[in-house]
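# Descriptive analysis of the structure
The residues making up each chain are set out below.
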Amino acid sequence: MRRTFTFLLLLLGHVVSAQLLTTSPSFPQESNSPIDIIMDATLGNQGLKDHTPTTDVYVHIGAITNLSTGPSDWKYSKFTWGTANTAAQATYLSPNKWKYTITGGLRAYFGITNPAEVVQHIVILFRNGTGGKVQRNRDGSDMYLPVYNNSLQVRVTQPFRQPTYNQVIEPLTIAIGNSLQIASAASANSTIKLYFNGTEVANTVNGTTASANVTISASGTQQIIAEATSGTTVKRDTLSFFVTPATTVEPLPAGLKDGINYEPGDTSVTLVLLAPGKQTVSVIGDINNWSVTAQHLMKRTPDGNRFWLRITGLTPATEYGYQFLVDGNLKVADPYTEKVLVQGSDQFILPATFPNLKPYPAGQSGIVSVLQTRQPGYNWSAGNFRKPAKANLMIYELLLRDFVAAHDWKTLRDTLSYLKRLGINAIELMPVTEFEGNLSWGYNTYQYFAPDKYYGPKNTLKEFIDTCHKNGIAVIMDIVLNHTYGPSPLVQLYWDAANNRPAANNPWYNPVAPHAFGFGEDFNHETSNTRNFFKRVLQHWQTEYKIDGYRVDFSKGLTQKVSTSDAAFSAYDASRIAIINDYANTIKSVDTAAYIILEHFCDNNEERQLADSGMLLWANVWTQYQEASMGYLPNSNFGNGIHTARGWTKAHLVTFQESHDEERVTFKSIKYGNSSGGYNIRDTATALKRMELNAAFTFTIPGPKMIWQFGELGYDYSRCYQATNGEGGDCNTKLDSKPIRWDYQNNPNRKSLFGVYSKLLALRNIPNFLPTFTGNDVIYNLAGGFKWIKVSSDSLKLMVVGNFDVVPTTGTVTFQNAGTWYNYITGGTRTASGSAETITLQPGEYIVYTNRDANNLVTTPVRNIANRILDMRLSMYPNPVNKLATIVYDLPESGVVNISVMSLVGQKVAQLYNGFKPKGTQQLTMNTSLFNPGSLAAGNYLLKLELNGKMKVQQFKVAH
């Protein structure tokens, strides 16, 4: 072990020549007019450093009052972001300095009329006119200026503080033995004293300022106290900072890895941070009251690449918040933590979603990591799960936020019966690692090991996956390897503030993406640091959560090949294939059967090579399915969704009609559909029948299929929809929350669409038919209005015909063999000649023929739901219900009756009766001894009656 011999130590102080924000007057009050706010763009995040033109600087300004819920709760925000409002324009003073002036007093300026409301802070950002450049604090936070009352005030004015909500000090590099200028100011003439480390170093009588030069004689905590006395009034301001000792250089103990290393005994951990070139790293957090201490200064490895620290004396099962303080001024979370605390977001997560969530630490800023020894374990119970064949995956793409109103894993788990009835065998979760804010699609992730808390605790996620496996459903995780947004610690560690991008020496990122286009901060996957990080990520989710595979977002971007056009970007790229194969090998080292699905959209030869190696690739034929559904024929050939049409020999093409990235097909049909005479696709019922027509072809084409959530019910809200503006306009609102319409199940036309989906998927669930849906024997004619497709194997042959025109159409087909063919959807038979024959179809009509009577092979749970509905009376009165209700029902036959109350998402709320009942009219009283409806939250519920494998469902309302 040795210590570095440098004497340049990091002090949490400020360079003496500049301050990010200054005000005149220096102690602004509500009544002051004018108030000048001067900004120095060479400090903070340097978002406007060297910005031109100098007239293109504006403010975004608001107030934090005693009625604000916290620092993010701006009141009376004055201006619209991204607009060049002259009232928001700042005045240029000199290079990198601008001034904004508030006149008329703060109450008048902000329009505050409530006499009980008091301004506590001015919150302000400086930006250019478009909002593309923004001047903030060094840590990216908003800038705050305290507002004072008219009593005596005093503060330490040097070292300078950053204008964060809880003010911290600007950084300064200083050597032991150097002098430091300290100063204080008071709001009125008074006796001012300055103390440094307990010794009085300045005394001003009847003045407003005091200053002194002090000498830094040793490392450790230093303290400055400013004291102002006027008569009997005494005010003090204390500023403490830490001078770090020399960093210990010592090799990393064997067996340790980056991140949190838990030790046996549950009282100790070792933290490891990869931070090449950094000088000092300290751990701050609950272990030391968020203060820098010599005890928690991390050791540095001899190569200068890593810092590490063993922490002892922890209480088992206790959560500890912590951050890394790098080079005395940058606070970052641990990239490997499995839980983070986020200021401004966590307070909106309800206890019902995440019970006993550790609160964000008061007075801190930035993302906070969490470690916990002896964490509650989860006992997995689906140990014998066998993954469905990759070429026959029936995937349900799902955004938890917009699927169930509770947006938690428990409620999603309770919907699995619905998804099983549909016939899917895999769920693809849109990204669930911690992302910016709460309301997101998840592609703005920044903490790759931490499941987002907005969806619930980690063990409820594990329970959801476990339950999926018990039900024969695989779970595929959508993951973003290409980029991050927001406060990624890997970005923050090496950030070029002047250019607002990753620094050139960032070990993980490109300063500028080499591609023709991209998103966020772009990873460099040619570096070993990036590869090693993501290999850990991929293996973590496979081992810790038993994820069955990944859908890799924007896999096209996993290359360093320079491109300036989409054509060049999409061209065959051997280096990209090598990178993807390297990650695939990592995934397969954990589970050889794991799924790897690529959103690639590149050269066909490249995609075929990846498919041949066992990967699945998205086939986006949304435009063609949309045109076919709308009845516009010239661009309605969706044959590119058939793997053999691309010259592939493996059915590894994931075909879908729509995904989260595209507009809803039903919406397009209703809004823009074609028509002829009395046939109008813009009629909702007709548009839904056209979705059945699409489905008849989509689900009979060999290869894996994907449904975007609620597509099976004809979801018809635009992806641009927003609650306040309906359909939306330029689709900047596509990430907004969308209506959750489980009540669509009660609509007969939508129920029929669900039935067709489930029946087609049921056909694919028959094991003997697997060769048909995973093979290469597919012949088709998908041009024009009359389309047909023939799919064959020794086990099953299909002939699918459909009329996508808006007028009756006759077409010619030749069945694979002569004999009896069965109409799989509606029943009936046709005798085929084995030669060419004509079929006439009405607009939107379709027929799925099979050479075997497949209806006798499809099991009851996945039959067309319409065939399982009881034709009987089921009623409840009164409706709405308060505390008492009577249920009346007519049984068409005797049998075991099961009556239950269900939520609209299919979760069982109460069991009312289970037993034998004879045929005829029956009655059941729902009262407090059986079940009290008054215990339910107000809203809509389902009364479900089951009899001999059939059911009847009736909606009712609870009102209090």
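Look above for the structure.
These notes cover the structure that comes with them. Computed from a prediction, not measured in an experiment: that's the story for all the values here.

### Considerations on the overall build of the protein chain
- Along the protein chain, the regular secondary structure elements total 14 helices and 59 strands.
- The C-alpha atoms of the protein chain give 33 Å as radius of gyration, which agrees with the globular expectation for 960 residues (30 Å, within 12%).
- Considering only C-alpha atoms, the protein chain reaches an extent of 110 × 70 × 60 Å along its principal axes.
- Per-residue burial over the protein chain gives 56% buried out of 960 residues.
- In the protein chain, once contacts between residues fewer than 6 apart in sequence are set aside, the share between residues at least 24 apart is 69%.
- When the accessible surface of the protein chain is summed, it comes to about 37000 Å², and 49% of that surface belongs to carbon and sulfur atoms.

### Concerning helix α12 (residues 684–698)
- The terminal C-alpha atoms of α12 lie 21 Å apart, and with 15 residues this matches the ideal 21 Å at 1.5 Å per residue to within 8%.
- Burial within α12 is extensive, with 12 of its 15 residues counted as buried.
- Where α12 is concerned, the buried positions are T686, A687, L688, R690, M691, E692, L693, N694, A695, A696, F697 and T698.

### Remarks on the side chain of T411
- Counting through the fold element by element, T411 comes out in helix α2 (residues 409–413).
- Here the side chain of T411 touches D408 through a polar contact of 2.5 Å, side chain to side chain.

### With respect to the environment of D408
- Of note, D408 is situated in the loop between β29 (394–398) and α2.
- Sequence separation between D408 and F786 is 378 residues; the distance between their C-alpha atoms is 45 Å.
- Dropping the residues within four chain positions of it, D408 is found in contact with A352, T353, L400 and Y455.

### Describing the pattern of salt bridges
- Taken as a whole and assessed by the stated rule, the structure comprises 39 salt bridges.
- A salt bridge links R551 to D553, with the shortest nitrogen-to-oxygen separation between them at 3.0 Å. The pair R551 / D553 is uniform in exposure class, with both members buried.
- Beyond isolated ion pairs, a larger network of salt bridges with shared partners links E338, K458, K462 and E544.

### With respect to the sheet that holds strand β53 (residues 874–877)
- Spatially, β53-β54-β57 is the arrangement adopted by the 3 strands of the open sheet, whose pairing is antiparallel. Single-partner strands in this sheet number two, and they are β53 and β57 (920–926). Across the sheet, the axes of successive neighbouring strands diverge by a mean angle of 15 degrees, strand direction being ignored.
- Where strand β54 (residues 885–891) and β57 come together, 7 bridges link them in antiparallel fashion. Residue pairing for β57: I887 is matched across the bridge by L924.

### Notes on the nonpolar core
- Formed by 139 residues in total, the largest nonpolar core has its most connected members in L271, F324, Y396, I427 and F464.
- Broken down by element, this core gets its largest block of residues, 8 residues, from helix α13 (residues 748–764).
- Once residues lying within four places of it in the same chain are set aside, the contact partners of L271 are G259, I260, V283, M298, F307, W308, L309, I311, Y322, F324, D334 and L371.
- Residues A18, L20, I37 and V119 belong to the second largest nonpolar core, which totals 31 residues.

### Concerning a nonpolar patch on the surface
- On the surface, a cluster of nonpolar side chains totalling about 250 Å² of accessible area is made up of Y485, F517 and F519.
- On the secondary structure map, Y485 appears in the loop between β34 (483–484) and α5 (489–492).
- Exposure remark for Y485: the relative accessible area of 31% places this residue in the partly exposed category.

### Description of the side chain of T373
- Along the chain, T373 turns up in the loop between β28 (368–372) and β29.
- Residue T373 is classed as buried on the basis of its relative accessible area, which comes to 2%.
- Looking at T373, its side chain comes within polar contact range of the main-chain oxygen of D266, at 2.8 Å.
- Beyond its immediate chain neighbours, meaning those up to four positions away, T373 contacts Y262, D266, V269, L314, T315, P316, A317 and T318.

### Digging into the pairing of strand β17 (residues 220–230)
- Pairing of strand β15 (residues 179–196) with β17, which is carried by 6 bridges, proceeds in the antiparallel orientation. Looking at β17, one finds that F196 is bridged to I224.
- The turn joining β17 and strand β18 (residues 233–243), which pair antiparallel and follow one another in sequence, is formed by 2 residues; a positive phi near 65 degrees is taken by G231.

Conventions and cut-offs
- Residues numbered from 1 in each chain as written.
- Predicted model: local features only at pLDDT ≥ 70, side-chain atom pairs only at ≥ 80, totals over all residues.
- Heavy atoms only, no water.
- Helix = DSSP H or I, 4+ residues; strand = E, 2+ residues; numbered from the N terminus.
- Rg over C-alpha atoms; globule rule 2.2 N^0.38 Å.
- Buried < 20%, exposed > 50% of the residue type's maximum accessible area, 1.4 Å probe, protein only.
- Contact = heavy atoms within 4.5 Å.
- Areas by Shrake-Rupley, 256 points an atom, 1.4 Å probe, with all protein chains shown as cover.
- Expected span 1.5 Å × (residues − 1).
- Polar contact = N/O pair within 3.5 Å; in protein donor to acceptor, adjacent residues only side chain to side chain.
- Salt bridge = Lys/Arg side-chain N within 4 Å of Asp/Glu carboxyl O.
- Pairing = 2+ DSSP bridges.
- Axes fitted to C-alpha atoms, helices over the stretch in contact; angles between N-to-C directions.
- Core = buried A, V, L, I, M, F, W, Y, C linked by side-chain atoms within 4.5 Å.
- Patch = residues over 30% accessible without salt bridge, like charges linked within 9 Å, V, L, I, M, F, W, Y side chains within 5 Å.

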